Amino acid sequence: MKIVSVVGARPQFVKLAPIAKEAAAASVDHVIVHTGQHYDPMLSDVFFDDLGIAAPDVHLGVGSGSHGVQTGAMLAALDAVFDAQQPDWVLVYGDTNSTVAAALSAVKMHLPVAHLEAGLRSFNRRMPEEHNRVLTDHAADLLLAPTQVAVDHLAAEGLAARTVLVGDVMTDVLHVVRDEVAGRPSPLVAELGVEPRSHYVATIHRAENTDDPARLAEVVAALAGLDKPVVLLAHPRVVAKAAAHGIPLTQGSLIAHAPLAYPDLVAATLASAGVVTDSGGLQKEAFLLRVPCTTVRTETEWVETVDLGWNVLAGTAEEIAAGVTRPRPADTDATPYGDGKAAGRVIETLAERRTS
Ligand code: UD1
């Protein structure tokens, strides 16, 4: 069996790691295509190095641009790659512009497409990720869903016959990395010179929070006013927008810091008093590490984290402050994101459902 994985943005490299490992264990011919959507070493290369992923076989070098320019450049470049590779499956990950470009290119070339992390919905039609998810799910031949809620969304859209519940591959990688960093001091905590559990880890990068200067100023002021140091692991997008609008990212309790490599992020989160984020992946990682999370959004795709009390949605400064200072949630042994063996199930499902 030959699989072409198409990835391009930071969270996709994390999801790729367990798939690449299981593909190798099953002697699958696995070709990795990197679109180049993320190109800064801290958003790309470090994930390949730290998570033991082989260097991409093909790198499209597309880079940044408006949605249409970026997605279009990927589409134009992928036709030739797929034509040369002729895989049994094109595997696409998550909800970025790289995901929708690869799905669209492959489906038009009559190549079977599998979507990993299918069925997530925010039902917020202003989010670029929501367009990417819906379009990718409806184009793909096989929908690999991480949760029962995702399975239900796909069924509601008439896609049940193409859906398989495999679990969440981010759980696979998180468990491995958590065990690797356990017992070691967090490099970030050492660098800051703070006591464990006396800082918050923050990430803000979504267009809804960064692109409108008034909204970005509101979020930054909310973080700066919190009761403990807040380490903002600043994505280049938030750095660029803050600089353009003259909003300092280090002020009050807020300390701007470069993004962290994945093991350092896991260690910093484990050692923290809580997470404040608009990232999907980090909400779930916080839950899996049993660190309380406050999500700076009006909705979340990972509703299980909210239902179990480990995540709250917050918009205003008051809501964010109330979120981070709320009492620790009740312990739970619920496993809505699977057993840490999802990637093996993905490879088995691809082998079973192979049509060529
Ligand atoms: C993308 C995904 C988002 C995902 C996020 C993870 C889309 C629509 N969005 O958002 O779903 O949660 O990745 O991080 O696909 N930039 C750099 N260096 C880089 C990459 C980007 O400086 O290596 C800057 C550029 O100014 C660029 C901006 O960040 O214009 C935004 O990058 P882009 O890839 O368009 O979206 P993200 O915000 O990273």
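Read on for an overview of the structure. (Residues numbered from 1 in each chain as written. Predicted model: local features only at pLDDT ≥ 70, side-chain atom pairs only at ≥ 80, totals over all residues. Heavy atoms only, no water.)

### Side note on the pairing of strand β8 (residues 200-203)
So the rule is basically this: Working definition: with a 1.4 Å probe on protein chains only, accessible area under 20% of the residue-type maximum means buried, over 50% means exposed, and in between means partly exposed. Only DSSP runs of H or I covering at least 4 residues are called helices, and only runs of E covering at least 2 are called strands; the numbering of each starts at the N terminus. Should DSSP find at least two bridges between two strands, the strands are regarded as paired.
Burial along β8 is two-sided: Tyr200 and Ala202 and Val201 and Thr203, pointing in opposite directions, are all buried. Where β8 meets strand β9 (residues 230-233), three bridges bridge the pair, whose relative direction is parallel. From the neighbouring strand, Val201 faces β9, where its bridge partner is Val231. In this sheet, strand β11 (residues 274-277) lies alongside β8 in parallel orientation, the contact comprising four bridges. Of the residues in β11, the one forming a bridge with Tyr200 is Gly274.

### Quick look at the packing of aromatic side chains
What characterises a pair of aromatic rings is the spacing of the ring centres plus the angle enclosed by the ring planes. Convention followed: Working definition: a ring pair exists when centres of Phe, Tyr or Trp rings (six-membered ring for Trp) sit within 6.5 Å. Plane angles under 30 degrees give stacked, over 60 give edge-to-face, the rest tilted. Cation placement over rings: the criterion is NZ of Lys or CZ of Arg within 6 Å of the ring centroid and within 35° of the ring normal.
Under the defined criterion, the tally for this structure stands at four aromatic pairs. Seen in terms of ring centroids, Phe287 and Tyr337 are 5.9 Å apart; in terms of plane orientation they differ by 80 degrees. Their pairing is edge-to-face. Placement of Phe287 in helix α13 (residues 280-288) and of Tyr337 in the loop between α15 (317-325) and α16 (342-352) is noted, with a sequence separation of 50 residues between them. Neither residue differs from the other here; Phe287 and Tyr337 are each classed as buried. Clustering of aromatic rings is evident, with ring pairs tying together Phe13, Phe47 and Phe48. Positioned above the aromatic ring of Trp302 is the side chain of Lys284, whose terminal nitrogen or guanidinium carbon lies 3.7 Å from the ring centre. Of note, Arg290 hangs over the ring of Phe287, and the distance from its end group to the ring centre comes to 4.3 Å.

### Comments concerning the site of the ligand
Quick note on the threshold: Nearness is defined per residue: one heavy atom within 4 Å of the molecule or strand is enough. Polar contact criterion, stated in full: a pair of N or O atoms within 3.5 Å, where within protein one must be able to donate a hydrogen and the other to accept it, and residues adjacent in sequence count only if both atoms are side-chain atoms. Computed with a 1.4 Å probe, the accessible areas rest on the Shrake-Rupley method; for each residue, only the protein chains presented here act as cover.
Around the ligand, the structure places 21 residues, and the nearest of them are Gln37, His38, Tyr39, Glu129 and His235. At a separation of 2.7 Å, an oxygen atom of the ligand approaches a polar side-chain atom of Glu129. Residue His205 places a side-chain N or O atom 3.0 Å away from an oxygen atom belonging to the ligand. Protein chains bury 86% of the 740 Å² of accessible surface belonging to the ligand in isolation. Mapped onto the shell around the ligand, the elements with two or more residues apiece are α1 (10-25), α3 (67-85), α5 (128-139) and α11 (236-244). Residue contributions to the shell around the ligand peak at three residues, all from α5.

### Remarks on the packing of α3 against helix α4 (residues 97-108)
Going by this rule: Axis definition: a line fitted to C-alpha atoms, limited for helices to the stretch in contact. Angles are taken between N-to-C directions and run from 0 to 180 degrees. Any angle from 65 to 115 degrees is called roughly perpendicular, while one under 35 is roughly parallel, one over 145 is roughly antiparallel, and all others are oblique. Crossings are sorted by hand: turned counterclockwise from the far helix by less than a right angle, the near helix makes the crossing left-handed, and turned clockwise it makes it right-handed. Whether two residues are in contact is decided by their heavy atoms, any of which lying within 4.5 Å being enough. Classes in brief: Ala, Val, Leu, Ile, Met, Phe, Trp, Tyr, Cys and Pro nonpolar; Asp, Glu, Lys and Arg charged; the others, Gly included, polar.
With their axes 8 Å apart at the nearest point, α3 and α4 run at an angle of 45 degrees to one another. In terms of orientation, α3 lies oblique with respect to α4. Considering only the axes of α3 and α4, their crossing is right-handed. Listed contacts from α4 to His67, Gln70, Thr71, Met74, Leu75, Leu78, Asp79 and Phe82 of α3 are Asn97, Ser98, Val100, Ala101, Ala102, Leu104, Ser105 and Ala106. Of the residues assigned to the contact of α3 with α4, the class counts are nine nonpolar, six polar and one charged.

### Observations regarding the environment of Asp83
Tracing the chain through its elements places Asp83 in helix α3. Residues Asp83 and Val219, 136 residues apart in the sequence, show an inter-C-alpha distance of 46 Å.

### What to know about the side chain of Gln37
Assignment of secondary structure puts Gln37 in the loop between β2 (29-34) and α2 (45-50). Of the residues examined, Gln37 reaches a relative accessible area of 12% and is grouped as buried. Looking at Gln37, its side chain comes within polar contact range of the side chain of Ser98, at 2.8 Å. Ignoring sequence-local partners within four residues, the contact set of Gln37 consists of Gly8, Ala9, Gly63, Gln70, Met74, Thr96, Asn97 and Ser98.

### Concerning the pattern of salt bridges
Convention followed: We define a salt bridge as a side-chain nitrogen of Lys or Arg found within 4 Å of a carboxyl oxygen belonging to Asp or Glu.
Inspection of every chain in the model, using the stated rule, returns 18 salt bridges. In this structure, Glu157 and Arg121 form a salt bridge, with 2.7 Å as the shortest nitrogen-oxygen distance. Residue Glu157 is located in the loop between α6 (148-156) and β7 (163-165), and its partner Arg121 is located in the loop between β5 (113-116) and α5; the two are separated by 36 residues in the primary sequence. Judged by its relative accessible area of 27%, Glu157 falls in the partly exposed class. When its relative accessible area of 2% is taken as the criterion, Arg121 is described as buried. Linking Lys241 and Asp211 is a salt bridge whose minimum nitrogen-to-oxygen distance equals 3.9 Å. Highlighted residues: Lys241 in helix α11 and Asp211 in the loop between α9 (207-210) and α10 (213-224), separated in sequence by 30 residues.

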